[in-house]
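The lines below spell out each chain.
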Amino acid sequence: MKFSLRQLEVFANIARTLSVSAAAETLGMSQSAASTALGELERRAGQRLFDRTGKSLKLNETGMTILPMALELLSRAWELDGRLAGNDRPGPLRLGATVTIGNYVAPRLIERYRASYPDATITLSVGNSEEISHRIAEFDLDYGMVEGQYGDSRLHFDEWMQDELVVFCGPRHHLAGDVETGIEALLAEQWAVREKGSGTRQALDRAMAPYWGHWRIGIELQQMEAIKGVVEAGMLIGCLPRLALIDAFNQGRLVELSVPELALMRKFYLVTHREKYRTVGMNAFAQICLGLEARS
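Residues numbered from 1 in each chain as written. Predicted model: local features only at pLDDT ≥ 70, side-chain atom pairs only at ≥ 80, totals over all residues. Heavy atoms only, no water.

Here we take up the overall build of the protein. Scanning the protein from terminus to terminus reveals 12 helices and 11 strands. A principal-axis box enclosing the C-alpha atoms of the protein has dimensions of 70 × 45 × 30 Å. Evaluated residue by residue, the protein yields a buried proportion of 48% over its 296 residues. The contacts of the protein with a sequence gap of at least 6 include a subset with a gap of at least 24, amounting to 73%. As presented, the protein carries roughly 14,800 Å² of accessible surface, and 50% of it is formed by carbon and sulfur atoms. The protein carries 33 positive and 37 negative side-chain charges, and their two centres are separated by 6 Å. (Helix = DSSP H or I, 4+ residues; strand = E, 2+ residues; numbered from the N terminus. Buried < 20%, exposed > 50% of the residue type's maximum accessible area, 1.4 Å probe, protein only. Contact = heavy atoms within 4.5 Å. Areas by Shrake-Rupley, 256 points an atom, 1.4 Å probe, with all protein chains shown as cover. Lys, Arg positive; Asp, Glu negative; His and termini not counted. Charge placed at Lys NZ, Arg CZ, Asp CG, Glu CD.)

The following block contains the structure:
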């Protein structure tokens, strides 16, 4: 065999961070040792795995080809190490979730996962659907929970849960007392919406597509709390997941608007890389996700 697992571990971490020093710190080794391990792997392979421009590294075509296989070998080695140690505990699990799922759904999933595997190491990264999908595609995350699908052939999306977006306004808005609100009345108002790239914005854009030329977006914000705040304080219209609005509705800080003309149901998706080896931890977490769907 022309390579060691340690060399693959160094390679995989450098591919993730695009930094020899950051990879060395993660692995608890010196930068020179990490650089030597990568150099030895490239020497044995007979070709470079990264393009180098000054101090910058970029995974080249050869590196991108072998990265999925290296990650699979490392995942299997971790599981083998656990079996030899007499346990079946999963290895580290790197999760990604959108803001809605990360704040309102993922904590329950992680709690159930840790109830079965209390010693498991879990990290959760929160971003918009586009960011999480990109990180899955780059093998930077193992498993993603997102609100929209993106056209990347490297990714596999599984439909997961139903979700509902809700149009709302502040309690002092002139539409707040309407039993139903027509689309023409909404088109006369300015809106506060999520940024492009978020699953919420993707679903809202789809619902508003027939009215695009008349839809007035007043402000785009990344944080749902910021959108709720500006709508509550002013005369803007908002649209966010019901999960994020329950408390504000119950407290009377925001008012739901019933808009029969808008189709605002959507799906959450579980996303993985097609070439990613599904570890024990990934399979266990997927079962928990599907179990939550069955109870919802």
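So, on to the state of the cysteines. For the structure on display, the rule yields zero disulfides. Its sulfur unpaired, Cys-169 is 12 Å from the next cysteine sulfur, which belongs to Cys-239. Judged by relative accessible area, Cys-169 falls into the buried class, the value being 0%. (Disulfide = S-S within 2.5 Å.)

Let us look at unusual backbone geometry. Not every positive phi belongs to a glycine, and Leu-18 is a case in point at roughly 55 degrees. Its location among the elements puts Leu-18 in the loop between helix H1 (5-17) and helix H2 (20-27). For Leu-18, a relative accessible area of 40% puts it in the partly exposed group. Of note, Phe-139 is a non-glycine position whose phi angle comes to about 60 degrees, a positive value. The topology assignment puts Phe-139 in the loop between helix H7 (129-137) and strand E5 (143-146).

Turning next to the packing of aromatic side chains. Applying the stated criterion across every chain, the model contains eight aromatic pairs. Residues Phe-11 and Phe-50 carry aromatic rings whose centres are separated by 5.8 Å and whose planes lie at 65 degrees to one another, so their mutual orientation is edge-to-face. You can see Phe-11 sitting in helix H1 and its partner Phe-50 sitting in strand E1 (residues 50-53), a full 39 residues away along the chain. This pair shows no difference in class: Phe-11 is buried, exactly as Phe-50 is. With 5.2 Å between their ring centres and 50 degrees between their planes, Tyr-113 and Tyr-117 make a pair best called tilted. (Phe/Tyr/Trp six-rings, centres within 6.5 Å; stacked < 30°, edge-to-face > 60°.)

So, on to a nonpolar patch on the surface. A cluster of nonpolar residues, Phe-3, Leu-5 and Leu-73, forms a patch on the protein surface that exposes about 250 Å² of accessible area. By the secondary structure assignment, Leu-73 is in helix H4 (residues 61-84). Look at Leu-73 and you get partly exposed, because its relative accessible area is 39%. (Patch = residues over 30% accessible without salt bridge, like charges linked within 9 Å, V, L, I, M, F, W, Y side chains within 5 Å. Salt bridge = Lys/Arg side-chain N within 4 Å of Asp/Glu carboxyl O.)

With that settled, the discussion passes to the pairing of strand E9 (residues 237-241). Side chains on a regular strand alternate between the two faces of the sheet. Of all five residues in E9, five are buried; the element is thus mostly enclosed. Here strand E6 (residues 155-169) runs beside E9; their pairing, made up of four bridges, is antiparallel. Looking at E9, one finds that Val-166 is bridged to Leu-240. Where strand E7 (residues 190-194) and E9 come together, two bridges link them in parallel fashion. Looking at E9, one finds that Trp-191 is bridged to Ile-237. (Pairing = 2+ DSSP bridges.)

If you walk through the whole model with that rule in mind, you get 20 salt bridges. The partner of Glu-72 in a salt bridge is Arg-76, and the shortest N-O contact between them spans 3.2 Å. Highlighted residues: Glu-72 and Arg-76, both in helix H4, separated by four residues, approximately one helical turn. Across the salt bridge formed by Glu-147 and Arg-266, the nearest N and O atoms sit 2.8 Å from each other. Of this pair, Glu-147 sits in the loop between E5 and E6 while Arg-266 sits in strand E11 (residues 265-273), and the two are 119 residues apart along the sequence. Arg-266 carries the same exposure label as Glu-147, and that label is buried. Ionic contacts of the salt-bridge type, sharing partners, join the residues Glu-40, Arg-43 and Arg-44 into one network.

Attention now goes to H1. With 13 residues, H1 extends 18 Å from end C-alpha to end C-alpha; this agrees with the ideal 18 Å at 1.5 Å per step. Considered for burial, the residues of H1 that qualify are Gln-7, Leu-8, Val-10, Phe-11, Ala-12, Asn-13, Ile-14 and Ala-15. (Expected span 1.5 Å × (residues − 1).)

Let us look at the environment of Met-145. Along the chain, Met-145 turns up in strand E5. C-alpha of Met-145 to C-alpha of Gln-162: the two residues are 17 residues apart in sequence and 13 Å apart in space.

It is the contact of H1 with H4, at a shortest axis distance of 9 Å, that shows an interaxial angle of 125 degrees. The pairing of H1 with H4 is recorded here as oblique in orientation. Crossing of H1 over H4 shows left-handed handedness. Facing H1, whose interface residues are Leu-5, Leu-8, Glu-9, Phe-11, Ala-12 and Ala-15, H4 presents Gly-63, Ile-66, Leu-67, Ala-70, Leu-71, Leu-73, Leu-74 and Ala-77. Of the residues in the contact of H1 with H4, the class split is 12 nonpolar, one polar and one charged. (Axes fitted to C-alpha atoms, helices over the stretch in contact; angles between N-to-C directions. Parallel < 35°, antiparallel > 145°, perpendicular 65-115°, else oblique. Left-handed = near helix turned anticlockwise from the far one by under 90°. Nonpolar A, V, L, I, M, F, W, Y, C, P; charged D, E, K, R; others polar.)

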